[in-house]
Amino acid sequence: MNNGTDFGRQALDRRAVTAPLEIQHLTVSFARKPVLWDVTFVASAGSLIGVVGPNGAGKSTLFKAIMDLIPRQGGEIRVFGDRFTAQRRRVAYVPQRESVDWDFPVTAGEVVTMGLYSEIGWFRRVTREHRRRALAAMERLGIADLANRQISELSGGQQQRTFLARALVQQADLYLLDEPFSAVDAATETIIVEVLRELRDAGKTALVIHHDLQTVPSYFDTVLLLNLRVVAFGKTDEVFQAENLQKTYGGRLTLLDEATEAMRHRRTI
Amino acid sequence: MTRIITDWYWPLDGWIIAIGILCAASAALLGSFLVLRRLSLLGDSISHAILPGLALAFMWTASRSGWPVFAGAIVAGLLTALASQWLQQRGRVDEGAALGVVFTTLFAIGLILINYGAARVDLDPGCVLYGAIEFAPLDRLSIAGWEMPRAFVVQLIVLVLNTSFVLVLHKELKIATFAPEYAESQGIPVPWLHRGLMVLVAITAVASFESVGSILVVAMLVVPPATALLFVNRLKSLLIASMLLGAVGAIAGHLAAISLPKWFGLRSASTAGMMAVAVGGLFVLVCLVSPRCGLLAAGYRGLSLRLKIAFEDVLACLYRRSERGARSPAKLEEICNRLGRSPFLVQLAIWRYRRLGLLVHSQDGWRLTESGFERAEELVRSHRLWETYLAENLAMPAERLHEAAESLEHFTAQPLRSRLAEEISATEDPHGTPIPPERGTPRKPQD
Amino acid sequence: MNGLCDTWLGSMIIGGGNWLLDGLTLLALGVFGTAPTDSQGPVTWADYNTQVVLIGTSCLGFAAGLVGCFALLRRQALVGDALSHATLPGIAAAFLLAEFFGGDGKRLEWLLLGATCSGILGMWMMMQLERLPRIKPDAAMGIILSVFFGAGIVLVTIVQQTEAGHAAGLESFIYGKAASMLRRDTMMIASMAVAVSVVVGLFFKELKLLCFDEGFALARGYPVSRLNALILALVTVVTVIGLQAVGLILIIALLVIPPSAARFWTNSLGPMCWISAGIGAMSAAAGAIASAWAPDLPSGPMMVMTCSGIFAISLICGPARGVLARLARRRDAAGRRT
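Small disclaimer: the values here were computed from a predicted structure and weren't measured. (Residues numbered from 1 in each chain as written. Chains lettered and ligands numbered in written order. Predicted model: local features only at pLDDT ≥ 70, side-chain atom pairs only at ≥ 80, totals over all residues. Heavy atoms only, no water.)

1. Topic: the overall build of chain B
As a reminder of what qualifies: Helical segments are the DSSP runs of H or I of at least four residues, strand segments are the runs of E of at least two, and each set is numbered from the N terminus. For every residue, the accessible area (1.4 Å probe, protein chains only) is compared with the maximum for its type, and the residue is labelled buried under 20%, exposed over 50%, or partly exposed between those bounds. Every residue pair with non-hydrogen atoms within 4.5 Å of one another is taken to be in contact. Here the Shrake-Rupley method, with its probe set to 1.4 Å, supplies the accessible areas, and only the displayed protein chains count as covering residues.
When its secondary structure is counted, chain B shows 19 helices and 4 strands. Here chain B, with 447 residues, has 55% of them falling under the buried criterion. If you take every contact in chain B between residues at least 6 apart in sequence, the share linking residues at least 24 apart comes to 68%. For chain B, the exposed surface amounts to about 20,100 Å²; the carbon and sulfur share of it is 62%.

2. Description of the overall build of chain A
Convention followed: Our radius of gyration is a C-alpha quantity, and the globule rule it is checked against amounts to 2.2 Å times the number of residues to the power 0.38. In summary, the charge assignment counts Lys and Arg as positive and Asp and Glu as negative, without counting His or the chain termini. Each charge is placed at NZ for Lys, CZ for Arg, CG for Asp and CD for Glu.
A tally of helices and strands in chain A yields 11 helices and 9 strands. For chain A, whose C-alpha radius of gyration is 19 Å, the value lies close to the compact-globule estimate of 18 Å for 269 residues. Among the 269 residues that make up chain A, the fraction classed as buried is 54%. Entry remark: accessible area of chain A is about 11,800 Å², with carbon and sulfur atoms responsible for 48%. Distance from the positive charge centre (34 side chains) to the negative charge centre (32 side chains) of chain A: 6 Å.

3. Some points on the domain arrangement of chain B
So the rule is basically this: For every domain, the bounds stem from an assignment made automatically or drawn from a database.
In terms of domains, chain B is made up of domain 1 (10-293) and domain 2 (298-368). Relative to domain 2 of chain B, the C-alpha centre of domain 1 of chain B lies at a distance of 59 Å.

4. Structural notes on the sheet that holds strand β5 (residues 91-94) of chain A
Residues and elements named next belong to chain A. Worth spelling out the cut-off: Strands were regarded as paired on the criterion that DSSP finds at least two bridges between them. A fitted line through C-alpha atoms serves as each axis, taken over the contacting stretch for helices, and the angle formed by two N-to-C directions is quoted from 0 to 180°.
Taken in spatial order, the 6 strands of this open sheet run β5-β6-β7-β3-β8-β9, and their pairing is mixed. What marks the edges here is a single partner per strand, and that holds for β5 and β9 (229-235). Within the sheet, the average angular offset between the axes of one strand and its neighbour, ignoring direction, is 15 degrees. Judged from the 4 bridges that link them, strand β3 (residues 48-52) and strand β7 (residues 205-209) form a sheet pairing that is parallel. Paired with G50 across the two strands is V208, which belongs to β7. Contacting β5 and β6 (174-177), helix α6 (residues 156-168) crosses the sheet at an angle of about 170 degrees to β5.

5. Thoughts on the packing of helix α8 (residues 183-202) of chain C against helix α11 (residues 224-246) of chain C
Residues and elements named next belong to chain C. As a reminder, the rule being used: Relative orientations are named as follows: roughly parallel for angles under 35 degrees, roughly antiparallel for angles over 145 degrees, roughly perpendicular for angles from 65 to 115 degrees, and oblique for any other angle. Crossing handedness is defined as follows: a turn of the near helix away from the far one that is anticlockwise and smaller than a right angle gives a left-handed crossing, while the clockwise case is right-handed. The residue classification treats Ala, Val, Leu, Ile, Met, Phe, Trp, Tyr, Cys and Pro as nonpolar and Asp, Glu, Lys and Arg as charged. All others, Gly included, are polar.
At their nearest, the axes of α8 and α11 sit 11 Å apart, and the two run at 165 degrees to each other. Comparing the axis directions of α8 and α11 gives the class roughly antiparallel. The interaxial crossing formed by α8 with α11 has left-handed handedness. For the pair α8 and α11, contact is made by D185, M188, I189, M192, V196, V199 and V200 and by L230, L234, V237, V238, I241, Q244 and A245, respectively. Considered class by class, the residues forming the contact of α8 with α11 number 12 nonpolar, 1 polar and 1 charged.

6. Digging into the nonpolar core
Test applied: Within this scheme, the nonpolar core is defined by two criteria: the residues are buried Ala, Val, Leu, Ile, Met, Phe, Trp, Tyr or Cys, and they are joined through side-chain atoms within 4.5 Å.
Counting 256 residues, the largest nonpolar core has Y175(A), L196(A), L225(A), F283(B), I135(C), F212(C) and V238(C) as the members making the most contacts within it. When residues of this core are assigned to their parent elements, the largest contribution, 14 residues, is made by helix α6 (residues 137-161) of chain C. Discounting chain neighbours no more than four positions away, the residues touching I135(C) are A226(B), L230(B), F283(B), L129(C), E130(C) and A140(C). Counting 30 residues, the second largest nonpolar core, distinct from the first, contains V39(A), F80(A), F84(A) and A219(C).

7. Some details on the pattern of salt bridges
Threshold: Within this document, salt bridges are pairs made up of a side-chain nitrogen of Lys or Arg and a carboxyl oxygen of Asp or Glu, the two lying within 4 Å of each other.
What the rule picks out here adds up to 27 salt bridges over all chains. E76(A) is paired through a salt bridge with R78(A); the nearest N and O atoms lie 3.2 Å apart. According to the relative accessible area criterion, E76(A) is partly exposed, its value standing at 39%. Close ionic contact of E214(C) with R74(C) constitutes a salt bridge, the shortest N to O distance being 3.0 Å. Note that E214(C) is positioned in helix α10 (residues 214-219) and R74(C) in the loop between α3 (48-73) and α4 (79-100), a separation of 140 residues in sequence.

8. Some words on the interface of chain B and chain A
Keep this limit in mind: The quantity reported as buried area is the accessible area (1.4 Å probe) lost by two parts once they are put together, taken as the sum for both.
Across the boundary between the two partners, chain B contributes 24 residues, which contact 20 residues of chain A. Between chain B and chain A lies a buried interface of about 2,000 Å² when both sides are counted; carbon and sulfur atoms form 65% of it. Between R92(B) and D103(A) there is a salt bridge, with its nearest N and O atoms 3.1 Å apart. For the side of chain B that touches chain A, the class distribution of residues is 14 nonpolar, 4 polar and 6 charged.

9. Quick word on helix α2 (residues 59-66) of chain A
α2(A) sits mainly inside the fold: 6 of its 8 residues count as buried. Regarding α2(A), the residues found buried are K59(A), T61(A), L62(A), F63(A), A65(A) and I66(A).

10. Focus: the packing of aromatic side chains
Rules: Note on aromatic contacts: the rings of Phe and Tyr and the six-membered ring of Trp form a pair at centre separations within 6.5 Å, being stacked when their planes are under 30 degrees apart, edge-to-face when over 60 apart, and tilted otherwise. Note on geometry: a ring has a charge over it if NZ (lysine) or CZ (arginine) is within 6 Å of the ring centre and within 35 degrees of the ring normal.
The tally for this structure, following the rule as stated, stands at 17 aromatic pairs over all chains. Ring centres 5.5 Å apart and planes at 50 degrees place the aromatic pair F104(A) and F212(C) in the tilted group. Of this pair, F104(A) sits in the loop between β5 and α3 (108-113) while F212(C) sits in helix α9 (residues 204-212), which puts the two residues in different chains. The exposure class of F104(A) is buried, given its relative accessible area of 2%. A ring pair is formed by F311(B) and Y353(B), whose centres lie 6.1 Å apart and whose planes are at 70 degrees; its orientation type is edge-to-face. Of this pair, F311(B) sits in helix α14 (residues 295-323) while Y353(B) sits in helix α16 (residues 343-356), placing them 42 residues apart in sequence. Residues F311(B) and Y353(B) agree in their burial class; the two are buried. Cluster of aromatic residues (ring-pair linked, three or more members): W102(A), F104(A), F163(A) and F212(C). The positively charged end of R166(A) is found above the aromatic ring belonging to F216(C), 3.5 Å away from the centroid.

11. Thoughts on the environment of D201(A)
Residues and elements named next belong to chain A. As a reminder, the rule being used: Whenever two N or O atoms come within 3.5 Å, that pair is a polar contact, provided that in protein one can donate a hydrogen and the other can accept it, and provided that, for residues adjacent in sequence, both atoms are side-chain atoms.
Inspection of the secondary structure assignment puts D201 in helix α7 (residues 186-201). In the structure, D201 is positioned 41 residues away from Q160 in sequence and 22 Å away in space, judged by C-alpha atoms. At 3.3 Å, the side chain of D201 and the side chain of R200 are in polar contact.

Okay, structure coming up:
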């Protein structure tokens, strides 16, 4: 990276208006059934955000909307003050572990290198330098010795670490992690939390979909309670309390659910 | 009909259609389970894989028809199903690939056998298999004094066999198809059911292969069930609908085969091929009109919904106007301006509501009748109830409430309104306008 | 023999056995065709014809094995099946069109163009069908396969009624006519194989990413549907070119079996592609040699049998996923546990 752009980025940072992620009035619906309703929040740089909510609350949909993979009915999403597509390089995504076929003939090292593919670009080959960087990322997660293993030989936790390494190697500034802690061993969980904290301390931002309410206060400094709409967003110690959780998990908006369902089937109820 | 379709000859064409319908129905019946199990290509695979069985049986008996050929084909068909299943489970080969490996290998063996046999015995590939639905009525049997085509009898037997299999094991098949692992935990012998199904598919393929051409059975195994899936919701209706679709396709196919080519001065075209094309045509047709994916239906319902919303907005607009104290009848332009809708749409709404007796013309504008006023009040009540509900439960900013309530109000009737009313505490909407009371119910007591 | 074949042709065409009709796809080819040379005297390695055939078939096997890997890993192993059936209406229509406009319907290039067009149409429609609710990929393949093939049979029966449509020489196409491959065919196959390999090489890492993790590829902004179409296009090219060499059904074998066999040997995509291409090339060559030696043995089926043999060996002995290797590993693990 040359000095010119470096300077430019510093200038931008100093203005401090370009939050890593800024979402205004985001509304998403599938076949007229709202999945996200009027979601608004701003994630500031250097924060570790837990995204918490019941099943079907729209957490994964939120990620997809951020990455511009699904059409939205309204609202605006700014990633580093820009459209996502323009800032794609600076966003790293860790999909759910179940999303791929782990029997696929690749090694763990190759999977991590995939994080560099868009940087390498079309028609260019993976070089030794790229492999070294992939290995360094794996080192950080303690799986460097598994680089040549086929991915089906890894344990669930190791597979999750491989996915995280693939995101790290990208050296992004905003991380979107979809349930990185689901069905992993304790060691993996500790390492992932450590890495996420390092990222935060380096001024990066991470949004983490998380299910285990017990660990939320100790893992995340900021929390987004989501159930169709934003129930609460803010510092964990201020927001993460019984009343909000009750609203997130208890108060299902049954009437709204029924009405939107009726809308979808074009019935009056 | 006979006038449009020249050369229609009942003793021939009637039988062809009857045979086609039977074949289509028995294939569609089994095909429903194959499609649900994601084994749609099994029919095609089996129809290729039976070749070595046929060739061996022929070389052994030197006869083109009869039980050995049938048995050989069934054994080969079963081998395909079992071997591919084994490869998939024990060899961890991808499902489609397993099928591909097995059937191409068997097919190649069959070709080599035929080639080998041809050098020794007088065996021409053409002699091994001989089947065209056009000629099926010519090969006759007489049963109890009734003379009928052999293919008809064979297809009838196959259909009875398949139907009784499905009827007897209806619920087991259902659960084994829907949730195989659960079924197994319940003690249902899923692998055996699967094998039974495969045997029947093989029998169906062989029976049709010999008499009507296998493209017919391959098409009928996949296309009618896939078509039916587009509009049915239950297994029973899937089975019935796909059988009917197959039958319709068979009839349409034969009619097309004997009439279409005439327009181009040709004699005729393959009936089996045309039946496959006809069920393909049915698929396209259903795609267009079925309520689930129906492109036409979606367009129609989208339009009618938009009209309903636009119309109801006119009513609500008149209500709000009178609420604000306007006594004079509303003019067309005024409504258009308020709603931001085209005069055409508003005119259409007025025309409709006038016919329904909700609007009357007075002076040079429009006024709500008593029943129109009631209807409009319901809408406005729905709207304001929703605004209040959303404000209280979603903490939505006030300026965005209107939009959300605007779409919800059109789907809200009295039952939902009273439930909404129970859940909210305010009697005014977030903008400070009172929520009109439900007609026929007393006002909520205010404390 | 010829007369027999003609009567057989007549009856078969009107809708008989599926597999024979697969051969009939090549009816049109048989119609126009470079008729099989009957020069099956003593064969020597230096024989020019043998060399031509060897090079041609190995190139085809190589390309099919390579492309087949991606189709297999996209879980569309049988896409070649749907595709090869979908070419039939194109071939027949091309023939009819050419005859109608007074051209020479038997020209190879013209018929292959027809095959390509209807193959592409079939693949495009298959992609559209998969988008419909409840239509799974296998059902989409089945629909395309049977409806296109049905249409093809209808057109073929019409071809049969035209003046130029009657011709013999069909049997060579059922088995494939590899043994009678001409220099021109070999050149075409070889250039196709080179082109396919270059494309796969250029897009290797993108295709790998697509096959492994489509969601991630989407998130990283890759044109996923275009890459998908690229895979289908590669399969189409290989199938259309391979049709005339090994026949309709057997080209499926070359697309499916080598990748499935290669999967037992390695756990990495790069080596898998090479092994698969190697198996394809080897078995194609072996088939050609076998039929050159023993004229009794048809080349196409012999290629498939070699493929299947290698597959069986790989299934048992493959070091990465073979049955024995997995048994040993399981015993190892059990031993460690006790």
